[in-house]
Amino acid sequence: MFCNQCEQTQNGTGCVDLGVCGKDPDMQSLQETLLYGVKGMAAYANHARRLGKVDEQVSEFIEEALFATMTNVNFDLESLLEMVLKCGEMNLRVMQLLDEGHSERFGTPTPTTVYEGTKAGPGILVTGHDMLDLSDLLEQSAGKGVNIYTHGEMLPAHSYPKLKAHPHLAGHFGTAWQNQHLEFTQFTGPVIATTNCVLIPWETYRDRLHTTRVTAVPGGKRIKSNDFSAVIQQALECEPLVDDKQRESTIGFHHSVILGIADKVIDAIKSGAVKHVYLIGGCDGAEMGRNYFTKCAQQAPESSLILTLGCGKYRIRDGNYGTVAGLPRFLDMGQCNDAYGAIKVATALAGAFGCGVNDLPLTLVISWFEQKAVAVLLTLLHLGIKGIRIGPAAPGFITPNVFRILQEKFDLKLIEPEPPVELFQLAVV
Ligand code: SF4
Ligand code: SF4
């Protein structure tokens, strides 16, 4: 453990084995889990607030949770675990607010074919998660001869009717956050980073990188208002992009789309045509161990559906998955916060089959990286979902003892070096 938050900290530098106050590593672990879950939830809540969606209960919980991590407030593992799961419950509400905020503002997503690559002419690339920034930029750049492209977690923007109605929302360029250095160097126009998952820029594109509000990087230009005129002007002055179509893809399998064909999905499961559903997604990252998620998707039997979300999709979306029972096997549900949609689908299927979510032929394989993923994981645990596989590594802030508690309570598993055979046998029983 490491804690240096109060004056009595050991040697004036930090308590490492045991707190001077008596806090032990497991208490610290649960306090950090709570803190990191709250951070992720606060980011989602901030996105939702910008869309006019707030819930006083959420704000109250954030205060309580932070309070519980102060010095000499809570040394009780059971009540800390209770708060950790409550964080998951509150995050479910926040993801719901965000889902509603997106749909109310931009329309309900529909399956959409997206042009990937660049088109000849000036362009601006938008990364992060904030659809409102993209919407403002699209409005301000209309008719100015500048194409707008999405990057990373902005890909789902193309499935929202009011965003895709802009003809100069020209396509998608690039992959997940960890590839920004190379991809932003290649993209000749300005880049706008709207939220978390922005890297400190290389010299190669530093003067073209703009950030919004809380997001800021050395050398980048921070936009505090929603005035993108300087970015649009820079796009017109930068070297234009070239025509370079790399592929087309289909996205936009929002929960409303999947629930709209629920009868077909249920019939396919009942008839045995679809034997299993995998949710493979979450955050991407640079570690080699993340190839596990690619292998899972590749090895998933042809009788299975694969739901995905978050930037973890970039590990698996290049496969040619085809169809099963007339349904596309690979269903991109959107951003990491669209885990809310996956939960809605799973709950609806459980209702249709008269069973619990844990009784469905459903396996969750979640890649985590940062605190939004922690909040989502806590939501899944709050719902009592068992047998989730997470990776590539165990969170460093979770002690072996706390992990054991989570394993006992939720059958939480760490991913193995290779996907085990039994992960796919589920689909053929
Ligand atoms: S709160 Fe406890 S563990 Fe943290 S620095 Fe103070 S004495 Fe040490
Ligand atoms: S899914 Fe996670 S790692 Fe990926 S961009 Fe979103 S918050 Fe960042």
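Residues numbered from 1 in each chain as written. Chains lettered and ligands numbered in written order. Predicted model: local features only at pLDDT ≥ 70, side-chain atom pairs only at ≥ 80, totals over all residues. Heavy atoms only, no water.

Here the focus is the overall build of the chain. A tally of helices and strands in the chain yields 14 helices and 16 strands. The C-alpha atoms of the chain give a radius of gyration of 22 Å, which matches the 22 Å a tight globule of 429 residues would have. Its C-alpha atoms give the chain principal-axis dimensions of about 60 × 60 × 40 Å. In the chain, buried positions account for 57% of the 429 residues. Partitioning the contacts of the chain with sequence separation of at least 6, the portion at a separation of at least 24 is 72%. For the chain, the accessible area works out to roughly 17700 Å², and carbon and sulfur atoms hold 54% of it. Each charge class in the chain can be summarised by its mean position, and for the 36 positive and 47 negative side chains these summaries are 4 Å apart. (Helix = DSSP H or I, 4+ residues; strand = E, 2+ residues; numbered from the N terminus. Rg over C-alpha atoms; globule rule 2.2 N^0.38 Å. Buried < 20%, exposed > 50% of the residue type's maximum accessible area, 1.4 Å probe, protein only. Contact = heavy atoms within 4.5 Å. Areas by Shrake-Rupley, 256 points an atom, 1.4 Å probe, with all protein chains shown as cover. Lys, Arg positive; Asp, Glu negative; His and termini not counted. Charge placed at Lys NZ, Arg CZ, Asp CG, Glu CD.)

Ordered by their spatial adjacency, six strands build an open sheet running E13-E10-E9-E14-E15-E16, and the pairing between neighbours is parallel. Each end of this open sheet is capped by a strand with a single partner; those strands are strand E13 (330–332) and strand E16 (413–414). Here three bridges tie strand E14 (residues 362–367) to strand E15 (residues 389–391), and the two strands are oriented parallel to one another. For Ile 366, the partnering residue across the bridge sits in E15 and is Ile 390. (Pairing = 2+ DSSP bridges.)

As a matter of local geometry, ligand 1 sits amid Cys 3, Asn 4, Gln 5, Cys 6, Gln 8, Thr 9, Cys 15, Gly 19, Val 20, Cys 21, Lys 23 and Thr 71. Residues of the shell around ligand 1, tallied by class, amount to five nonpolar, six polar and one charged. (Near = heavy atom within 4 Å. Nonpolar A, V, L, I, M, F, W, Y, C, P; charged D, E, K, R; others polar.)

Below, the discussion takes up the site of ligand 2. Inspection of the region around ligand 2 gives 13 residues, with His 129, Glu 153, Cys 197, Cys 283 and Cys 311 positioned closest. Partitioning the shell around ligand 2 into residue classes produces six nonpolar, four polar and three charged.

Time to look at unusual backbone geometry. Each neighbour pair has its own omega, and for Gly 391 with Pro 392 the value is 10 degrees, a cis peptide bond. Note on placement: Pro 392 falls in the loop between E15 and helix H13 (400–410). A positive phi angle is found at Arg 213, which is not glycine, with a value near 50 degrees. Considering the arrangement of structural elements, one finds Arg 213 in the loop between strand E6 (209–212) and strand E7 (221–223). One non-glycine residue, Ala 325, lies in the positive phi region at around 50 degrees. In this structure, Ala 325 sits in the loop between strand E11 (323–324) and strand E12 (327–328).

Our focus in this paragraph is helix H3 (residues 77–106). The terminal C-alpha atoms of H3 lie 43 Å apart, and with 30 residues this matches the ideal 44 Å at 1.5 Å per residue to within 8%. Two residues or fewer past H3, Gly 107 is found with a positive phi of approximately 90 degrees. (Expected span 1.5 Å × (residues − 1).)

Residues Phe 67, Met 70 and Val 73 make up a contiguous nonpolar surface patch of about 290 Å² in total accessible area. Examined against the element boundaries, Phe 67 turns out to sit in helix H2 (residues 56–68). (Patch = residues over 30% accessible without salt bridge, like charges linked within 9 Å, V, L, I, M, F, W, Y side chains within 5 Å. Salt bridge = Lys/Arg side-chain N within 4 Å of Asp/Glu carboxyl O.)

Another point: the side chain of His 166. If you trace the backbone, His 166 turns up in the loop between helix H5 (161–164) and strand E4 (169–172). Beyond its immediate stretch of four places on either side in the chain, His 166 contacts Leu 138 and Glu 139.

Most of strand E9 (residues 276–282) sits out of view: seven of its seven residues are buried. A two-sided burial pattern is seen for E9, the buried positions comprising His 276, Tyr 278, Ile 280 and Gly 282 on one face and Val 277, Leu 279 and Gly 281 on the other. Both E9 and strand E10 (residues 304–308) contribute to a ladder of four bridges, which runs parallel. From the neighbouring strand, Leu 279 faces E10, where its bridge partner is Leu 307. Of the crossover connections in this fold, the one passing from E9 over helix H10 (residues 291–299) to the parallel E10 is right-handed. (Right-handed = clockwise from strand over helix to strand, strands pointing away.)

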